[in-house]
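# Structural overview
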Amino acid sequence: MGQVDFQASVWTSLAILAALWVEGWQTGLFATIGAVASTLTARLLAVPHDSLTQGLMTYCGVLGGIAMLVYLGHHPSTYVMAVAAAVMCTLVTATLTTLLAPFGLRAFTGPFCLVSLVMVLGAPSFDRIWHGTPETAVTGATPKSPVLDWTDLWQGFFSNVSQIFFVETWYVGLIMLAGLFLAGWRVGAFAALGSAVGLLTAWALGAPAVLVHEGIYGYNAVLTSLAFGVVLLRPTLWNLGYTVLAAAATTALTASLAVFFEEFGSHTFTWPFNIATWALLAAVPTLSRITPLTDD
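Residues numbered from 1 in each chain as written. Predicted model: local features only at pLDDT ≥ 70, side-chain atom pairs only at ≥ 80, totals over all residues. Heavy atoms only, no water.

## Looking at the packing of helix α11 (residues 219-232) against helix α12 (residues 237-260)
Following both chains from N to C, one finds α11 and α12 inclined at 155°, their axes separated by 8 Å at the closest point. Classified by the interaxial angle, the pair formed by α11 and α12 is roughly antiparallel. Like other packed secondary-structure pairs, α11 and α12 cross with a definite hand, here right-handed. Mapping the contact onto sequence places Asn-220, Ala-221, Thr-224, Ser-225, Phe-228 and Gly-229 in α11 and Tyr-242, Thr-243, Ala-246, Ala-247, Thr-250, Thr-251 and Thr-254 in α12. (Axes fitted to C-alpha atoms, helices over the stretch in contact; angles between N-to-C directions. Helix = DSSP H or I, 4+ residues; strand = E, 2+ residues; numbered from the N terminus. Parallel < 35°, antiparallel > 145°, perpendicular 65-115°, else oblique. Left-handed = near helix turned anticlockwise from the far one by under 90°. Contact = heavy atoms within 4.5 Å.)

## Considering helix α9 (residues 185-205)
Here α9 is 21 residues long and its end C-alpha atoms lie 30 Å apart, about the 30 Å a rise of 1.5 Å per residue gives. When α9 is considered as a whole, its buried residues turn out to be Val-187, Gly-188, Phe-190, Ala-191, Ala-192, Gly-194, Ser-195, Val-197, Gly-198, Leu-199, Thr-201 and Ala-202. Contact partners of the buried residues in α9: α7 (150-162), α8 (170-182), α10 (209-213), α11 and α12. (Expected span 1.5 Å × (residues − 1). Buried < 20%, exposed > 50% of the residue type's maximum accessible area, 1.4 Å probe, protein only.)

## Some remarks on the packing of helix α1 (residues 10-23) against helix α2 (residues 25-44)
Relative to each other, α1 and α2 sit at 140°, their axes nearing to 5 Å. As the angle between them shows, α1 and α2 are arranged oblique. Each of Leu-17, Leu-20, Trp-21 and Glu-23 in α1 lies in contact with α2, whose residues at this interface are Trp-25, Thr-27, Gly-28, Leu-29, Ala-31 and Thr-32. Classifying every residue of the contact of α1 with α2 by side-chain character gives 6 nonpolar, 3 polar and 1 charged. (Nonpolar A, V, L, I, M, F, W, Y, C, P; charged D, E, K, R; others polar.)

## Describing the nonpolar core
By size, the foremost hydrophobic cluster in this structure holds 73 residues, and its most contacted members are Leu-20, Met-68, Phe-112, Phe-165 and Leu-226. If one sorts the elements of this core by residue count, helix α4 (residues 59-72) sits on top with 11 residues. Setting aside chain neighbours within four positions, we find Leu-226 in contact with Asp-5, Phe-6, Leu-180, Val-187, Phe-190, Ala-191 and Val-231. Of all hydrophobic cores here, the second largest spans 9 residues; its members include Leu-148, Leu-199, Ala-202 and Val-212. (Core = buried A, V, L, I, M, F, W, Y, C linked by side-chain atoms within 4.5 Å.)

## Remarks on the packing of aromatic side chains
Across all of its chains, the model carries 15 aromatic pairs by this definition. Here Tyr-71 and Phe-269 contribute two aromatic rings whose centre-to-centre distance is 5.5 Å and whose plane-to-plane angle is 65°, an arrangement assigned as edge-to-face. Here Tyr-71 is found in helix α4, whereas its partner Phe-269 is found in the loop between α12 and α13 (271-283), with 198 residues between them in sequence. For Tyr-71, a relative accessible area of 3% corresponds to the buried category. You can call Phe-269 buried: its relative accessible area is 1%. Taken together, Tyr-71, Phe-112, Phe-166, Phe-261 and Phe-269 form an aromatic cluster joined through their ring pairs. (Phe/Tyr/Trp six-rings, centres within 6.5 Å; stacked < 30°, edge-to-face > 60°.)

## Observations concerning unusual backbone geometry
Trans peptide bonds make up most of the peptide bonds, and negative phi angles are found at most residues other than glycine. For Phe-6, which is not a glycine, the phi torsion comes out positive at approximately 70°. With phi around 70°, Phe-166 is a residue other than glycine that occupies positive phi space. Its location among the elements puts Phe-166 in the loop between α7 and α8.

## A short note on a nonpolar patch on the surface
Judged by side-chain polarity, Val-10, Trp-11, Leu-14 and Leu-182 come together as a nonpolar surface patch covering roughly 480 Å² of accessible area. For the nonpolar patch, the element with the most residues is α1, which contributes 3 residues. Under the relative-accessibility criterion, Val-10 is labelled exposed at 57%. (Patch = residues over 30% accessible without salt bridge, like charges linked within 9 Å, V, L, I, M, F, W, Y side chains within 5 Å. Areas by Shrake-Rupley, 256 points an atom, 1.4 Å probe, with all protein chains shown as cover. Salt bridge = Lys/Arg side-chain N within 4 Å of Asp/Glu carboxyl O.)

## A short note on the environment of Val-284
Within the secondary structure layout, Val-284 lies in the segment after α13. With a relative accessible area of 4%, Val-284 lands in the buried category. The sequence separation of Val-284 and Pro-48 amounts to 236 residues, and the corresponding C-alpha distance is 29 Å. Non-local contacts of Val-284, meaning those with residues more than four positions away in its chain, are made with Leu-233, Tyr-242, Ile-290 and Pro-292.

## Some points on the environment of Ala-178
Among the secondary structure elements, Ala-178 is positioned in helix α8. Judged by relative accessible area, Ala-178 falls into the partly exposed class, the value being 42%. Spatially, the C-alpha atoms of Ala-178 and His-131 are 37 Å apart, while their sequence positions differ by 47 residues.

## Points about helix α5 (residues 76-100)
Taking 1.5 Å per residue, 25 residues should reach 36 Å; α5 reaches 36 Å between its end C-alpha atoms and fits that length. Among the residues making up α5, those that are buried are Ser-77, Thr-78, Met-81, Ala-82, Ala-85, Ala-86, Cys-89, Thr-90, Val-92, Thr-93, Leu-96 and Leu-100. Packed against the buried residues of α5 are α2, α4, α6 (110-122) and α13.

## Topic: the side chain of Ser-116
Note on placement: Ser-116 falls in helix α6. Overall, Ser-116 belongs to the buried group, its relative accessible area being 0%. Apart from residues lying up to four places away in sequence, Ser-116 is in contact with Gly-64, Ala-67, Met-68 and Phe-269.

See the structure below:
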């Protein structure tokens, strides 16, 4: 659970899992199914012990399980699809980890994005698993007003954290953010920074207030900030600026990719985070002032 946010902390994972159950038993259950199925797959295929215990090969299965519930609805067949998504997420994680390693890049949540996209796009072709798009999966006609009020701001701040897991409920995001602080103050601080940057960038560009409120424009920025601020770069002022830039770029990219994902409403999975992070991480070796955490 916690590794979705780059944390191997058991306490952070428990907080996230608890928050998902608070959102609803279906969300909590499908997240659990994804976690169990992906972990068992990794175990059966003898994934290295450290990778298994830290969740490095299995976190995408959590998101894959929830995605099946969100886009296919709660039906008996969805349970089967959630297990299938989790299994495939584990396998594709191994694939991308191998393919990207020579370039100094990581899989991040790319496996989840690929597997979920393929399964959701293909689902309407199969009568036994397709029951129509759930209303909750697609954002309806969105008011275009960019005027944010105080409620939009503070609830959007927390929703940016929960929307990583397809949840727009602000108090679920609050629980998750508290869980991230349990992993360390820097972890929680960079999650909060990413959420704030996402909010400010979306407001500055005139994004619809309702989508900002729901966390649609900020959740990728939270992931990007955690990636660069906690996992990838050293704690320097230059790297802090690069992290803020990356989070802002991810927010802007969310709008662009939403055009391609119009069929799924405003949700673009975590493609903006993956694309922006891969691109900006690949640039680091030629930027002398930006120092990776792995450098001596």
